[in-house]
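Spelled out, the chains give:
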2 protein chains.
Amino acid sequence: MTTKILKPARLDFHDHEFRYQLDQLLAWESVSDDKVQKTVKEIITAVRRLGDKAVVDYTCRFDRLTASSMKELTVGDQQLQDALHAIPDDQRKALETAADRIRSYHKRQIQESWHYKERNGTKLGQKVQPMDRVGLYVPGGQATYPSSVLMNAIPAHVAGVEEIVMVVPTPDGVINNMVLAAAALAGVHKVFTIGGAQAIAALAYGTETIPRVDKIVGPGNIYVATAKREVFGQVGIDMIAGPSEILVVCDGLTDPDWIAMDLFSQAEHDEDAQAILVSDDLEFLHEVEDCMNRLVLELERKDIIKASVNHRGALIHVPNLKAACEVVNHIAPEHVELSVADPEALLPHIRHAGAIFMGRHTAEALGDYCAGPNHVLPTSGTARFSSPLGVYDFQKRSSLIHFSAKGASEMGKVASVLARGESLTAHARSAEFRIKK
Amino acid sequence: MTTKILKPARLDFHDHEFRYQLDQLLAWESVSDDKVQKTVKEIITAVRRLGDKAVVDYTCRFDRLTASSMKELTVGDQQLQDALHAIPDDQRKALETAADRIRSYHKRQIQESWHYKERNGTKLGQKVQPMDRVGLYVPGGQATYPSSVLMNAIPAHVAGVEEIVMVVPTPDGVINNMVLAAAALAGVHKVFTIGGAQAIAALAYGTETIPRVDKIVGPGNIYVATAKREVFGQVGIDMIAGPSEILVVCDGLTDPDWIAMDLFSQAEHDEDAQAILVSDDLEFLHEVEDCMNRLVLELERKDIIKASVNHRGALIHVPNLKAACEVVNHIAPEHVELSVADPEALLPHIRHAGAIFMGRHTAEALGDYCAGPNHVLPTSGTARFSSPLGVYDFQKRSSLIHFSAKGASEMGKVASVLARGESLTAHARSAEFRIKK
């Protein structure tokens, strides 16, 4: 008998300490390091003051390059097109299929301007427009994901953003052709091979070469995340992502190997990733644990999976699938798989989740690449109040108010009473000027 | 001849230093004070640890009260209804009219779930749902605005949020009946008379009495703003507001008294507020300046107006209205008035503004109270990337993915290629399990 290397926590819904144990398992707070924050502030100040020169200097230092100007850190259109032809055929075709599907799904998210007229001729509405310019951060080195380029750039492109500026660091000069190919397919307009806090600062404030953007999206390390928090307000930012999570709800009738591998598909991301299985079938939980212990041995990233499953993974026994939905809503997971006979029956009970994967065939991994919906999703319980990245994140609204003379006269009276109630006399008088005598 | 007390800056579009001068005038950064931050962190830690007790202690200390439990800091339903009947008739009616109009405008912002089916039976879409519970911060003391209660609470109520929790400090025990009346009309479910960082901490983490919310909205002082930034991630927050701004574009044919008072209606908010007039008629700019100097003498808040206009106000001469639109887009103002003969002709050129007030009759003040659209708007140029507060801020989305067996098999092949391209083997194998042999 071999020793099990994977030992996910075992929890039971009926245990009187269940909620406490679950909350302990979920607890995760991002490290806010004063030293990182100080460094990031210095970098931002230098980039604001010195522009290109600071960006080039930091890039040479941190990425071990020898560039002397931003020109050497700029990727031309031709290089993007070349990358598209340099990658293997099957990869290019897969990227194209994924890009097409992501584009066609996101087109359904476009929001249109609207207005209505009141009887006295007053017109009210909202004008919906794309942002002018958006920055996309793509991590370099180990975790360089072409799929992230598609997922971040295509919604901006579909929204009609005029200029999508991508930054991707190239430590030691190593550039990933699949990432450049994805940029070409996704409609990215400009690419600079810079990264870190210096890239975020350059996008937020602009330099001689790098245009100032209106919003910055995309994942990054702690320096990038800290810099994004720091420039928030100067530009828009997307959510700061926590570790990836999957919660699988299973009725015990899906192939346990499938479920084990679905859990691993999140656990392999990093040691803090969280994979949880919830089932009303206790025997099935045992089976899946056995499958996990067998299958993990075949996987390249087994050390990461081991750390993730043993520290943050769990198998949870619930009395029924309704209780499983309660667990889902308490956790508000990034991904939930409803691997059950009738997922539609559970759907009305799911209140909080970034993405809902319905039925036994819908592996979460399909959603990461080519289902169509975005793989940038709210983590760490933030699905309680936030949404997948979408076209709506690259559009913004302006209220439209056009009073007729009659409407302004009527409403002037109402505004006058309320403004005087708030002791704002100039407000009141400005409204009163429009009241017909 | 009297001395002019108001001296707004004079800028000319054709001046070669125009852009620089304008940027100097616009420059505004919120003060980030280490001492405030330290105090706020201590308060949050205490509230997380001690719950109600800490909230009661801080409230007694900061608001000079003598409460001994949260019960004494809770406003009952009856008290809300009583407030509605205690205020003067004209105020109640004005609040009711405003609430009705805000409600009917915001109902048009409700977003619905959607999905579509592909030929092989695969279903894709988004489930749109309201948040469970939302916190609304209302400042106490001087700047207590019932209109803000309506503007923040009604969109949440229209979205279908189950529980809207309002907090409003009552320094020295002074409570504003008009604010309570607005809460009753807007559908607020619970009211606590607490404020400051302790109220934000209580809403973000929950205490024995105060329920944990999913999002916190509403304006507040520097302690409140700092606390909101601090709990962001644990809960959602709205934008941190800067000082109020108005930019009026006028063709010189509106009554200059109207324009002067419209500028004052923002300038009277606070000394950092910004009021700017842009016109292609130089003579008109002089006229408005004269009107401002005459009218200001009649206003209660003339000292605030004087500080605001003399430090941050401006009269800008432009060669034509197209240039005026360029100025609008560069500033991305919170409010823009198009006080011209044909505002519809300018509208397509307005790219960035929180709210657009069309025509000579549409005083900005009408929008503050009863036009219908929200008065919580992006400030300090953030209209480049953000939107008025709306129902969409209280709804959130979950992606829906339901693959048919056939769809999962086809897409499994695509996902497999891409996952292996990213060296994520568990992702690949999870997808490959669904490929039909």
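Residues numbered from 1 in each chain as written. Chains lettered and ligands numbered in written order. Predicted model: local features only at pLDDT ≥ 70, side-chain atom pairs only at ≥ 80, totals over all residues. Heavy atoms only, no water.

## Looking at the domain arrangement of chain A
Each domain of chain A was delimited in the assignment, giving domain 1 (34-116 + 129-237), domain 2 (242-385) and domain 3 (404-433). Of note, the centres of domain 1 of chain A and domain 3 of chain A, computed from C-alpha atoms alone, are 48 Å apart. (Domains from an automatic or database assignment.)

## As for the state of the cysteines
On inspection of all chains with the given rule, the structure shows 0 disulfides over all chains. In this structure B:C250 is a free cysteine whose sulfur lies 11 Å from that of B:C291, the closest cysteine sulfur available. (Disulfide = S-S within 2.5 Å.)

## Thoughts on the side chain of A:H375
Residue and element names in this part refer to chain A. Take H375: it is sitting in the loop between α15 (364-369) and β15 (395-402). At a separation of 2.8 Å, a polar atom in the side chain of H375 contacts the main-chain carbonyl oxygen of D368. What H375 contacts, discounting residues up to four positions off in sequence, is S147, S148, M151, E334, G367 and D368. (Helix = DSSP H or I, 4+ residues; strand = E, 2+ residues; numbered from the N terminus. Polar contact = N/O pair within 3.5 Å; in protein donor to acceptor, adjacent residues only side chain to side chain. Contact = heavy atoms within 4.5 Å.)

## Some details on helix α2 (residues 34-50) of chain B
Residue and element names in this part refer to chain B. Taking 1.5 Å as the rise per residue, α2 with 17 residues should run 24 Å; its terminal C-alpha atoms sit 24 Å apart, in good agreement. Where α2 is concerned, the buried positions are V36, V40, I43, I44, A46 and V47. Looking down the long axis of α2, one finds its buried residues gathered within 165° of arc, a one-sided arrangement. Exposed residues pointing more than 90 degrees away from the buried face of α2 are listed as D34, K35, K38 and R49. Along its buried surface, α2 packs onto α3 (52-63), α8 (196-205) and α9 (222-231). A positive phi of about 60° marks G51, the residue just after α2. (Expected span 1.5 Å × (residues − 1). Buried < 20%, exposed > 50% of the residue type's maximum accessible area, 1.4 Å probe, protein only. Arc of directions from axis to C-beta.)

## A look at the packing of aromatic side chains
Per the counting criterion, the structure on display carries 11 aromatic pairs over all chains. Pairing A:F232 with B:F232 gives two aromatic rings, centres 6.3 Å apart and planes at 10°, and the pair type is stacked. A residue pair is termed interchain when its members come from two chains, as with A:F232 in the loop between α9 (222-231) and β9 (236-237) and B:F232 in the loop between α9 and β9 (236-237). Cluster of aromatic residues (ring-pair linked, three or more members): A:Y105, B:W114 and B:Y116. (Phe/Tyr/Trp six-rings, centres within 6.5 Å; stacked < 30°, edge-to-face > 60°.)

## Overview of the interface of chain A and chain B
In many analyses, interface size is given as the accessible surface area lost on bringing the parts together. Across the contact, 120 residues belong to chain A and 120 residues belong to chain B. For the pair chain A and chain B, the summed buried area comes to about 10,800 Å², and 56% of that belongs to carbon and sulfur atoms. Our enumeration of links across chain A and chain B arrives at 12 salt bridges. Across the pair A:K123 and B:E344 runs a salt bridge, and its minimum N-O distance is 2.6 Å. Counting across the interface, chain A meets chain B through 76 residue pairs in polar contact (both at pLDDT 80 or more). Counting residues per element, the side of chain A that touches chain B draws most heavily on helix α16 (residues 405-421) of chain A, at 10 residues. Across the side of chain A that touches chain B, the residue classes break down as 57 nonpolar, 34 polar and 29 charged. In this structure, strand β14 (residues 355-358) of chain A lies alongside strand β15 (residues 395-402) of chain B, joined through 3 bridges in parallel fashion. Pairing of A:I356 across the sheet is with B:L400, part of β15(B). (Buried area = accessible area lost by both parts, 1.4 Å probe. Salt bridge = Lys/Arg side-chain N within 4 Å of Asp/Glu carboxyl O. Nonpolar A, V, L, I, M, F, W, Y, C, P; charged D, E, K, R; others polar. Pairing = 2+ DSSP bridges.)

## A few points about helix α5 (residues 89-107) of chain B
End to end, α5(B) covers 27 Å across 19 residues, agreeing with the expected 27 Å (1.5 Å per residue, within 8%). For α5(B), the set of buried residues is B:Q91, B:R92, B:A94, B:L95, B:A98, B:A99, B:R101, B:I102, B:Y105 and B:H106.

## Focus on the pairing of strand β13 (residues 335-339) of chain B
Residues and elements named next belong to chain B. Burial runs high along β13: 5 of the 5 residues are buried. In terms of strand pairing, strand β10 (residues 245-250) meets β13 through 5 bridges, oriented parallel. Across the sheet, the residue bridging to L247 is V336, located in β13. Summarising the sheet, β13 and strand β14 (residues 355-358) pair through 4 bridges and their orientation is parallel. Bridged to L338 within β14 is M358.

## Some details on the UniProt feature "binding site: NAD(+)" (unreviewed entry) in chain A
Residues and elements named next belong to chain A. In the numbering adopted here, UniProt assigns the feature "binding site: NAD(+)" (unreviewed entry) to Y137, Q198 and N221. Of the residues just listed, which span 85 residues, no C-alpha pair is farther apart than 12.8 Å, and they cluster in one region. Along the chain, Y137 turns up in strand β5 (residues 133-137). With residues up to four places along the chain from it excluded, the contact list for Y137 reads V167, P169, G195, G196, A199, I200, V217, G218, P219, G220 and V224. At 2.8 Å, the side chain of Y137 forms a polar contact with the backbone nitrogen of G196. (UniProt positions renumbered as here; feature names shortened; annotations may be inferred.)

## Some words on unusual backbone geometry
All names here are of chain A. For S380, which is not glycine, the phi dihedral falls at a positive 50°. Backbone geometry places S423, a non-glycine residue, at a positive phi of 60°. The topology assignment puts S423 in the loop between α16 and α17 (425-432).

## Some remarks on the environment of A:L297
Residue and element names in this part refer to chain A. With respect to the element layout, L297 can be found in the loop between α11 (282-295) and α12 (302-312). As for L297 and I5, which are separated by 292 residues in sequence, their C-alpha atoms are 9.2 Å apart. Setting aside chain neighbours within four positions, we find L297 in contact with I5 and K302.

## A look at the side chain of A:N329
Residue and element names in this part refer to chain A. Turning to its location among the elements, N329 is positioned in helix α13 (residues 321-331). A distance of 3.2 Å separates a polar side-chain atom of N329 from the backbone nitrogen of H352. Filtering out sequence-adjacent residues up to four positions away, N329 remains in contact with H349, I350, R351 and H352.

## Points about the pairing of strand β11 (residues 274-279) of chain B
All names here are of chain B. With respect to burial, β11 is a largely interior element, 6 of its 6 residues being buried. Both faces of β11 are covered, namely the face carrying Q274, I276 and V278 and the face carrying A275, L277 and S279. By the bridge criterion, 6 bridges tie β10 to β11 in an arrangement that is parallel. Across the sheet, residue C250 finds its bridge partner in β11, namely S279. Here β11 pairs with strand β12 (residues 314-317) via 4 bridges, running parallel. Each bridged residue has a counterpart across the sheet, and for I276 the counterpart in β12 is A314.

## Things to note about the relation of the copies chain A and chain B
At an RMSD of 0.0 Å, chain A and chain B line up after a rotation of 180° and a shift of 0.0 Å along the axis. With respect to symmetry, the two chain copies, as superposed, fit the operation of a two-fold axis. (Least-squares fit on C-alpha atoms with pLDDT ≥ 70 in both.)

## Overview of the sheet that holds strand β11 (residues 274-279) of chain A
Taken together, 9 strands build an open sheet; the order of strands is β1(A)-β12(A)-β11(A)-β10(A)-β13(A)-β14(A)-β15(B)-β4(B)-β3(B) and the sheet is mixed. Every other strand in the sheet has two partners, leaving β1 (9-12) of chain A together with β3 (114-117) of chain B as the edge strands with one partner each. Looking at each pair of strands side by side, their axes are set apart by 20° on average, direction ignored. The sheet contacts of helix α1 (residues 18-26) of chain A involve β1, β11 and β12 (314-317) of chain A, and relative to β1(A) the element is tilted by about 145°. Of the strands in this sheet, β10 (245-250), β11, β12 and β13 (335-339) of chain A touch α13(A), which is tilted by about 170° from β10(A). (Axes fitted to C-alpha atoms, helices over the stretch in contact; angles between N-to-C directions.)

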